[in-house]
Amino acid sequence: MTDRIFNFNAGPAVLPLDILKQAQAELLNYRDTGMSILEISHRSKPYEVIHQEAEADMKALLGLGDNYRVLFVQGGGSLQFAMVPMNYLPAGRIADYILTGSWSEKALQEAKLLGQTHVAATTAGEGYRRIPSLQEIKLSDKPAYVHITSNNTIYGTQWREFPNFGDIPLMADMSSDMLSRPFDAKKFALIYAGAQKNLGPAGVTIVIIRKDLLDECPPTIPTMLRYDTYAKNDSMYNTPPCFSVYIVHLVLQWLRKNGGLAAMEKHNQEKAAFIYRQIDQSGGFYRGHAEPDSRSLMNITFRLPNEELEGAFVKEAVQAGLGGLKGYRTVGGIRASVYNAMSKEGCLALAAFMDEFRKKNS
Ligand code: PMP
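Please read all numbers here as calculations on a predicted model, not as lab measurements. (Residues numbered from 1 in each chain as written. Predicted model: local features only at pLDDT ≥ 70, side-chain atom pairs only at ≥ 80, totals over all residues. Heavy atoms only, no water.)

This model, assessed by the stated rule, comprises 2 cavities of 30 Å³ or more. Space inside the largest cavity adds up to approximately 50 Å³. Roughly 30 Å³ of internal volume is contained in the second largest cavity. Along its surface, the second largest cavity is lined by G156, Y276, G288, H289, A290, R295, N299, I300 and T301. (1 Å grid on protein atoms, 1.4 Å probe; cavity = no way out; pocket = protein on both sides within 12 Å on 5 of 7 lines; lining within 4 Å. Points joined across faces, edges and corners; volume = space filled by probe spheres on them.)

Put into structure tokens, the structure is as follows:
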């Protein structure tokens, strides 16, 4: 396949080529059903198998047992910003948010519409260049939960070590680094992640929820906005996004086949290092946005000496077969998203391009 570029888009993002090929091969006739997976009932056996295996594979990858459920929800990470407080911020309680970027701000905004909130830490004043230290976090008195964003897609920062607040439920938006490294999932009461970065296509959001939380969903909120509805109905209260779940299932199998999360972390560290090395060795030509100890392995953000050069970088990169490198408007500059499915070759190609571009323009 020579017509595919190295795709550094932030999401939807690159998917493993083998999975695209498998989906292509199975598209017209899914496993002798004589139908496409796009055309079969979500109540049929072939889809049921996909759905159940996806939940089981997700739990196996995260080392979770029977006290967790995996739910498939629509509405993206953005709907989770609202569903979390709708379900778990009762009147008279306070929800704590740790702000590390635009997406955590958006999560907070939704919670504010629904109840009382408290900002337990923020690095907004420093342009979200880093993750706060554990010592900086000041919780309110017995918060209903604490919400964090594990990886900040726009600023390019990532939590290294997750906080532990004992009995206080920890909830995380892991949209942009889910399954990119091993972590202790049992520390979390609820994790959500839109699939379109590390897990598959847009259209499905994975929610991993500890079972005891399912008893707390208020019956007064609409059925489709309650987590217990999804749990009781195996995420099939209504028609699920079958094709998206099918691709997620293939991605989970691909992850398991390729050594799971430990192997993925090694792969991601190696890849990101090629690019960070170019930043660090550029004598200031490339300036990373994130402070080194908060650097993301998924989204690498940096500036060039001026916007003109940044424009030229993006344009010439496209000509060199490297796409999707333009940074988000609030940070500017360049953003290279190097999710699980981005190959080592892609990162090496970007590093070589950066080296050449710097030599030519400095
Ligand atoms: N959280 C994070 C960390 C994100 O990066 C994004 C999307 N880029 C969202 C939430 C919002 O997700 P969605 O577009 O699926 O609503």
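Moving on from the coordinates now.
Quick look at unusual backbone geometry now. Cis peptide bonds are those with omega within 30 degrees of zero, and the linkage from G11 to P12 qualifies with -10°. Along the chain, P12 turns up in the loop between β1 (6–7) and α1 (17–26). In the Ramachandran plot, R31 falls in the positive-phi region, its phi being about 45° despite a non-glycine side chain. If you trace the backbone, R31 turns up in the loop between α1 and α2 (45–62). R31 sits in the partly exposed class, given a relative accessible area of 49%. Positioned with a positive phi, D234 is a non-glycine residue whose angle comes to about 50°. Secondary-structure assignment places D234 in the loop between α5 (227–232) and α6 (242–257). (Helix = DSSP H or I, 4+ residues; strand = E, 2+ residues; numbered from the N terminus. Buried < 20%, exposed > 50% of the residue type's maximum accessible area, 1.4 Å probe, protein only.)

What follows covers the site of the ligand. Lining the immediate environment of the ligand, one finds 13 residues, of which S78, T153, D173, Q196 and K197 sit closest. In the environment of the ligand, an oxygen atom lies 3.0 Å from a nitrogen or oxygen atom belonging to the backbone of G77. Between an oxygen atom of the ligand and a side-chain N or O atom of Q196, the distance comes to 2.9 Å. A majority-of-atoms criterion places the ligand in the second largest pocket. Per-element accounting of the shell around the ligand gives the leading share, 4 residues, to helix α3 (residues 76–88). Grouping the amino acids of the shell around the ligand by side-chain chemistry returns 2 nonpolar, 9 polar and 2 charged. (Near = heavy atom within 4 Å. Polar contact = N/O pair within 3.5 Å; in protein donor to acceptor, adjacent residues only side chain to side chain. Sits in = over half its atoms within 2 Å of the grid points. Nonpolar A, V, L, I, M, F, W, Y, C, P; charged D, E, K, R; others polar.)

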